Amino acid sequence: MDALEPVRAADVADGPPEEAIGRLTAEAVGKTYVEQDRSREVLKDLHLTLEAGRVTVVMGPSGCGKSCLINLLAGYEPPTAGRVVLDGRPTAGPGPDRLAVFQETALFPWLTAFENVAYGPKIRKELKGAQLESAVMELLRLVGLEDFRDKYPAQLSGGMQRRAELVRALANRPKVMLLDEPFRGLDAMTRGLMRDVCLTIFRRHRGSSLFVTSELDEGLALADQLAIFTNRPAKVKKLLDVPFERPRTDQLRSSPAYLALKAEALELLHEEAVKSFKTGAIESADFVEAYGALA
Ligand SMILES: Nc1ncnc2c1ncn2[C@@H]1O[C@H](COP(=O)(O)OP(=O)(O)OP(=O)(O)O)[C@@H](O)[C@H]1O
Ligand SMILES: [Mg+2]
């Protein structure tokens, strides 16, 4: 695995990334869990490519396997079929080149905001002293947390914790950022602000990004491509190109092209949600039967 380059001030400056790396491909990926004598196929023959410098948003019915895919892409679990390829090389296990940010906070509670963001570059001995200080402060400034550098996670609001987490991920200069509903549970106003923070972060991130959300407007604000998943076993039902300039203004959002894309995405999501609901009902019926047999 390549050594990570240290974070530099230039990485958090405006402008396009100087090199495009972090092309991550799921090739015919499948995942089946076996529990006792029941097997559950969650992903089947899933193909998806995250391009360097581009944001892929994934949407699909609840329980279809989005988080499962993130775990496979991050290398936390192996696929049962197919493979995951990063910049031409098959991956095996997790690595600092692929960073996942989940819904649950992963900040170290015993470290301050500054120390949390500094943690990665510091333990890899990439930066120290004044250089580390200025790189971390630049990241904290990027998300408006410079005045909270010495606060511990418990002293930060939910939205502030998410922002600290996002720049902590960025400080590690990953090739791939995998974000699994990072704003779930935040109020609508904070969510809107976080979306803008994410846009800034994605613009400065040199690699590829995957963002899972259940909010179509949020997805369309962030995406270069929108991958709609089928009901379980999930695969990509349709990959929609989202070619609009950012930021996506109110004017754009009322344009015929945008509205047509949104309507298409809604229709696809609705179809799968209905199927998922029916399957869920069947599974609950199974459960009731099984429970009845036990009682
Ligand atoms: N370790 C595991 N063992 C067995 N089954 C699992 C495991 N992890 C996930 N699953 C199953 O995989 C399916 C997909 O779960 P996953 O969490 O990926 O869905 P999701 O699309 O992220 O849903 P949500 O939108 O609710 O977050 C579920 O049916 C879940 O029960
Ligand atoms: Mg999930």
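Predicted, not measured: the structure shown is a model, and the values here were computed from it. (Residues numbered from 1 in each chain as written. Chains lettered and ligands numbered in written order. Predicted model: local features only at pLDDT ≥ 70, side-chain atom pairs only at ≥ 80, totals over all residues.)

**With respect to the nonpolar core**
In this structure, Leu73, Val117, Leu140, Val167 and Leu178 are the most contacted members of the largest nonpolar core, which totals 66 residues. When residues no more than four places from it in sequence are discounted, the contact partners of leucine 178 are Ile70, Leu73, Ala74, Arg98, Leu99, Ala100 and Leu210. (Core = buried A, V, L, I, M, F, W, Y, C linked by C-beta atoms within 7 Å. Buried ≥ 20, exposed ≤ 12 C-beta atoms within 10 Å, placed from the backbone. Contact = placed C-beta atoms within 7 Å.)

**Observations concerning the pairing of strand β8 (residues 208–212)**
Across the 5 residues that make up β8, a large majority, 5, are buried. Burial of β8 is two-sided: the residues Ser208, Leu210 and Val212 facing one way and the residues Ser209 and Phe211 facing the other way are all buried. Across 4 bridges, strand β3 (residues 55–59) lies against β8 in parallel orientation. By the bridge assignment for β8, valine 57 is matched with phenylalanine 211. (Helix = DSSP H or I, 4+ residues; strand = E, 2+ residues; numbered from the N terminus. Pairing = 2+ DSSP bridges.)

**What about the environment of glycine 60?**
Relative to the elements of secondary structure, glycine 60 occurs in the loop between β3 and α1 (66–74). You can call glycine 60 buried: it has 26 C-beta atoms within 10 Å. With near-sequence residues (within four places) excluded, glycine 60 lies in contact with Lys66, Ile228, Phe229, Thr230, Ala234 and Glu272.

**Things to note about the sheet that holds strand β9 (residues 225–229)**
What the 6 strands build is an open sheet, ordered β6-β7-β8-β3-β9-β10; its pairing is mixed. On the outer flanks of this sheet lie β6 (98–101) and β10 (236–241), each paired with one strand and no other. The mean inter-strand angle of the sheet, taken between neighbouring strand axes irrespective of direction, is 15°. Relative to β8, strand β7 (residues 176–180) runs parallel, the two being bridged by 5 bridges. (Axes fitted to C-alpha atoms, helices over the stretch in contact; angles between N-to-C directions.)

**Considering helix α5 (residues 188–204)**
Helix length check: α5 (17 residues) gives 25 Å between terminal C-alpha atoms against 24 Å at 1.5 Å per residue, within 8%. What α5 keeps buried is the set Met194, Cys198, Ile201 and Phe202. For α5, the angular spread of buried residues about the axis comes to 90°, placing them on one side. Turned more than 90 degrees off the buried face of α5, the exposed positions are Met189 and Asp196. Tucked inside the fold, the buried residues of α5 contact β3, α4 (158–171), β8 and α6 (216–222). (Expected span 1.5 Å × (residues − 1). Arc of directions from axis to C-beta.)

**Quick look at the sheet that holds strand β4 (residues 81–86)**
The strand order β2-β1-β4-β5 describes an open sheet built from 4 strands, whose pairing is antiparallel. Of all the strands in the sheet, the pair left with one neighbour each is β2 (38–50) and β5 (89–90). Note: β4 against β5, 2 bridges, orientation antiparallel. Residue pairing in the sheet places leucine 86 in a bridge with arginine 89 of β5.

**Considering the confidence of the model for the chain**
Taken residue by residue, the chain gives an average pLDDT of 86. The fraction at 70 or more is 87%. Confidence drops under a pLDDT of 50 for residues 1–17, and excluding neighbours within four residues, the segment shows 28 contacts in the predicted structure. Low confidence marks residues 287–295, where pLDDT is under 50. Its contacts with residues over four positions away, or in another chain, come to 0 contacts. (pLDDT = per-residue confidence, 0-100.)

**Some words on the pairing of strand β1 (residues 24–35)**
Sheet topology places β1 next to β2; 9 bridges connect them, and they run antiparallel. When the bridges of β2 are listed, glutamate 35 appears paired with arginine 38. Where β1 folds back onto β2 in an antiparallel hairpin, the turn is made up of 2 residues, including glutamine 36, whose phi is positive at roughly 50°. Sheet analysis places β1 next to β4, joined by 5 bridges and oriented antiparallel. Paired with alanine 26 across the two strands is valine 84, which belongs to β4.

**Quick word on the site of ligand 1**
Residues in close proximity to ligand 1 include Tyr33, Glu35, Arg40, Val42, Ser62, Gly63, Cys64, Gly65, Lys66, Ser67 and Cys68, which together make up its full environment. Element by element, the count of residues in the shell around ligand 1 is highest for α1, at 3 residues. Among the residues forming the shell around ligand 1, the class breakdown is 4 nonpolar, 4 polar and 3 charged. (Near = placed C-beta within 6 Å. Nonpolar A, V, L, I, M, F, W, Y, C, P; charged D, E, K, R; others polar.)

**A few points about the packing of α4 against α5**
Here α4 crosses α5 at 10°, and the two axes come no closer than 11 Å. By the angle class used here, α4 and α5 are roughly parallel. For the pair formed by α4 and α5, the contact residues are Gly159, Arg162, Arg163, Leu166 and Leu170 on the first element and Thr190, Leu193, Met194, Val197 and Ile201 on the second. Counted by class, the contact of α4 with α5 contains 6 nonpolar, 2 polar and 2 charged residues. (Parallel < 35°, antiparallel > 145°, perpendicular 65-115°, else oblique.)

**Topic: α1**
Burial analysis of α1 places 8 of its 9 residues in the buried class, the great majority of the element. Taken together, the buried positions of α1 are occupied by Lys66, Cys68, Leu69, Ile70, Asn71, Leu72, Leu73 and Ala74. Within two residues after α1, glycine 75 carries a phi angle of roughly 85°, on the positive side.

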